[in-house]
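This is what each chain is made of:
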Amino acid sequence: MQSCPVSATIQPLHRRSAGTVAAIFCLGLSHHTAPIAVREKVAFSPENLVAAYRYLLEQGLARETLIVSTCNRTEIYVHGGQGYHRQALQDWLCHFHGVDPRLLDGHIYYSSDAETVRHLFRVACGLDSMIIGEPQILGQVKDAYQAAADSGAAGPVLNRLLHWAFRVAKRVRSETAIGSAPVSVAYAAVSLAKQLLGSLEGKSVLLIGAGDTIELVATHLREHGVGSFAVANRSAERGQQLAEKFTGNAHALEAIPELLHDADVVVSCTASLLPILTLETVSAAMPRRAQRDLMLVDLAVPRDIASEVEGVEQCFLYTLDDLNDIAQAGMRARREAAAVAELIIADEVAEFQQWRESLDVVPAIRRLRDHVEERRQEELQRFTHYLNQGQDPFAVLDAFSKALMNKVLHDPIATLRQPCQDATNESLVAALDILFHLSDAEG
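Residues numbered from 1 in each chain as written. Predicted model: local features only at pLDDT ≥ 70, side-chain atom pairs only at ≥ 80, totals over all residues. Heavy atoms only, no water.

Student: Explain the overall build of the chain to me, using residue names and the numbers behind them.
Tutor: Looking only at helices and strands, the chain has 16 helices and ten strands in total. For 443 residues, the compact-globule formula gives about 22 Å, and the C-alpha radius of gyration of the chain, at 33 Å, lies well above that figure. Each principal axis of the C-alpha distribution contributes one length, and for the chain these read about 105 × 60 × 45 Å. Each of the 443 residues in the chain was classed as buried or not, and the buried ones make up 44%. Intrachain contacts of the chain at a sequence separation of at least 6 include 70% that bridge at least 24 residues. With the model as given, the accessible surface of the chain reaches about 23,400 Å², and the carbon-plus-sulfur share is 54%. (Helix = DSSP H or I, 4+ residues; strand = E, 2+ residues; numbered from the N terminus. Rg over C-alpha atoms; globule rule 2.2 N^0.38 Å. Buried < 20%, exposed > 50% of the residue type's maximum accessible area, 1.4 Å probe, protein only. Contact = heavy atoms within 4.5 Å. Areas by Shrake-Rupley, 256 points an atom, 1.4 Å probe, with all protein chains shown as cover.)

Student: Got a sec to walk through the pairing of strand β5 (residues 204-208)? Specific residues and values, please.
Tutor: Counting buried residues along β5, five of its five residues qualify, which places the element largely inside the surrounding structure. Taking every second residue as pointing to the same face, both faces of β5 are buried, with S204, L206 and I208 on one and V205 and L207 on the other. Bridge analysis of β5 against strand β6 (residues 228-232) gives five bridges, and the strand direction is parallel. Residue pairing for β6: S204 is matched across the bridge by S228. Crossover β5 to β6 through helix α8 (residues 212-223) is right-handed. Summarising the sheet, β5 and strand β8 (residues 265-268) pair through four bridges and their orientation is parallel. Among the inter-strand pairings, L207 is bridged to a residue of β8, identified as V267. (Pairing = 2+ DSSP bridges. Right-handed = clockwise from strand over helix to strand, strands pointing away.)

Student: Lay out helix α6 (residues 156-175) in plain terms, naming residues and giving numbers.
Tutor: When the terminal C-alpha atoms of α6 are compared, their 28 Å separation across 20 residues agrees well with the 28 Å that a helix rising 1.5 Å per residue should span. Listed as buried for α6 are V157, L158, L161, L162, W164, A165, F166, V168, A169 and V172. (Expected span 1.5 Å × (residues − 1).)

Student: Now, about the confidence of the model for the chain: what can you tell me, with residues and values included?
Tutor: Residues of the chain with pLDDT of at least 70 account for 91%, and the chain-wide mean is 87. Taken as a whole, residues 1-19 scores under 50 in pLDDT and shows 33 contacts with residues more than four places along the chain or in a different chain. (pLDDT = per-residue confidence, 0-100.)

Student: Give a detailed account of the nonpolar core, specifying residues and quantitative values.
Tutor: By size, the foremost hydrophobic cluster in this structure holds 70 residues, and its most contacted members are L66, I67, W92, F121 and L161. Sorting elements by how many residues they give to this core places α6 first, with ten residues. Once residues lying within four places of it in the same chain are set aside, the contact partners of L161 are I24, V117, L120, F121 and F352. L197, V217, M295 and V297 belong to the second-largest nonpolar core, a separate cluster that totals 28 residues. (Core = buried A, V, L, I, M, F, W, Y, C linked by side-chain atoms within 4.5 Å.)

Student: Give me the packing of aromatic side chains: which residues, what numbers.
Tutor: Tallied over the full model, the rule gives eleven aromatic pairs. Taking 5.9 Å as the distance between ring centres and 75° as the angle between the ring planes, the aromatic pair formed by F383 and F400 counts as edge-to-face. Residue F383 is found in helix α13 (residues 362-388), and its partner F400 is found in helix α14 (residues 393-417); the two are separated by 17 residues along the sequence. Like F400, F383 is buried. Aromatic rings pair up to connect F44, Y55, W92 and F96 into one cluster. For the cation-ring pair, R54 lies above Y55, with the distance from its terminal atom to the ring centre recorded as 5.5 Å. Directly above the ring of F166 sits K142, whose terminal nitrogen or CZ lies 5.6 Å from the centroid. (Phe/Tyr/Trp six-rings, centres within 6.5 Å; stacked < 30°, edge-to-face > 60°. Lys NZ or Arg CZ within 6 Å of the ring centre and 35° of its normal.)

Student: Quick rundown of the sheet that holds strand β7 (residues 249-251)? Include the residues and the values.
Tutor: Read across the open sheet, the six strands follow the order β7-β6-β5-β8-β9-β10; overall the sheet is parallel. For this open sheet the edge positions go to β7 and β10 (315-319), each flanked by a neighbour on one side alone. Strand-to-strand twist of the sheet, defined as the mean angle between neighbouring strand axes without regard to direction, takes the value 20°. Both strand β9 (residues 294-298) and β10 contribute to a ladder of five bridges, which runs parallel. Each bridged residue has a counterpart across the sheet, and for V297 the counterpart in β10 is Y318. (Axes fitted to C-alpha atoms, helices over the stretch in contact; angles between N-to-C directions.)

Student: Residues and numbers for the side chain of H119, please.
Tutor: Looking at the secondary structure, you find H119 in helix α4 (residues 114-125). H119 sits in the buried class, given a relative accessible area of 13%. A distance of 2.6 Å separates the side chain of H119 from the side chain of E75, its partner in a polar contact. With residues up to four places along the chain from it excluded, the contact list for H119 reads C26, R73, E75, Y77, Y109 and D128. (Polar contact = N/O pair within 3.5 Å; in protein donor to acceptor, adjacent residues only side chain to side chain.)

Student: How would you explain the pairing of β8 if you had to name every residue and give the values?
Tutor: Burial along β8 is two-sided: V265 and V267 and V266 and S268, pointing in opposite directions, are all buried. Pairing geometry for β8 and β9, over four bridges, is parallel. Looking at the pairing, V265 lines up with M295 of β9. Each parallel crossover has a hand, and for β8 linked through helix α11 (residues 279-285) to β9 it is right-handed.

Student: Describe a nonpolar patch on the surface, and please don't skip the residues or the numbers.
Tutor: Together, M405, L409 and I413 give the surface a local cluster of nonpolar side chains, amounting to about 240 Å² of exposed area. Along the chain, the position of M405 falls in helix α14. (Patch = residues over 30% accessible without salt bridge, like charges linked within 9 Å, V, L, I, M, F, W, Y side chains within 5 Å. Salt bridge = Lys/Arg side-chain N within 4 Å of Asp/Glu carboxyl O.)

Laid out in structure tokens, this is it:
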């Protein structure tokens, strides 16, 4: 990261007119728009986020700001500031990372107001992710928000926006099946294991092989409560590394017949040209398993587990094709859930925008309250004098209330009586009816 200030050539462009709610902007790039070679050039590390927030705030590019930076996206959310245009943020992003602005040509996207709110809600819900509905992005957005809050970069509007996004994500999770259907063969294997064995708490798993696919399956299994792992692998070193990661035990392939006695689930994915688990090996192990079901998952091509094993009683064999079918069905289910989630998000965006628009009247309400409070204090001071003179409290209270009412209503009534166009009079009268429910009172 280069510690260079915002370029002197960056100039403020359009400003929003006074009396309107300051805009919320988002400028970013993601796996949808940019390859990793571009994304990594403008990624923010936790160490340089503090400096980034300081520049954005001190240079007036933002009144409030949030940076979401993951392996799949870098997005800068900005509220308020001095009315800078998207080009200012883009120029700053390039200067901060020391990259040629041309690198980002065709990769940057930009949104404002309701579209920005909708985009953040979709990101938090996992609808904008590579895998629809994946839950990790919500945790990443929460971490980004915490970093912004710790740096003093997230103010009242972004605080409300982020907490709203978290609530929307929770609602989408609870009201749709966006995160329940398996969409990878690794997750499909775990889903099948839960269906077959019920809870995975306390179950034992034998992993044959130690590659990335096996590690991913093991990660999902551990997340669902599996506590006991045995790793059988041709390479002792790699097997030991994987076993240590999951607090399991490493073994040679020759130990598999003995390991089958205790395993509830076997997952195999090696580069072997011949089956590692034969019909004879599995059949010999079953009598010593006390009538317990055995789930076997073969993720290898060529297959690691002989197809004849499927005929062994209490053995349930699933191949890569079985899991692919489940994953594809899961993806279709998630797309259907995503359509429902989009409707939820549309409603939530509308509600958030209503809240933002209500901020327009806050200064006017404050001025009105201050105006009335000033009149009240004047009259209270005047009529307290009468009470100190010993006058009848009820008479003083009655006079005070009438005097206060006259003072508060004097200016509005005088305005109504001034000669003006009929349209103006009608508007004022209509406003009074709405503000004080006068029509209801007459009824």
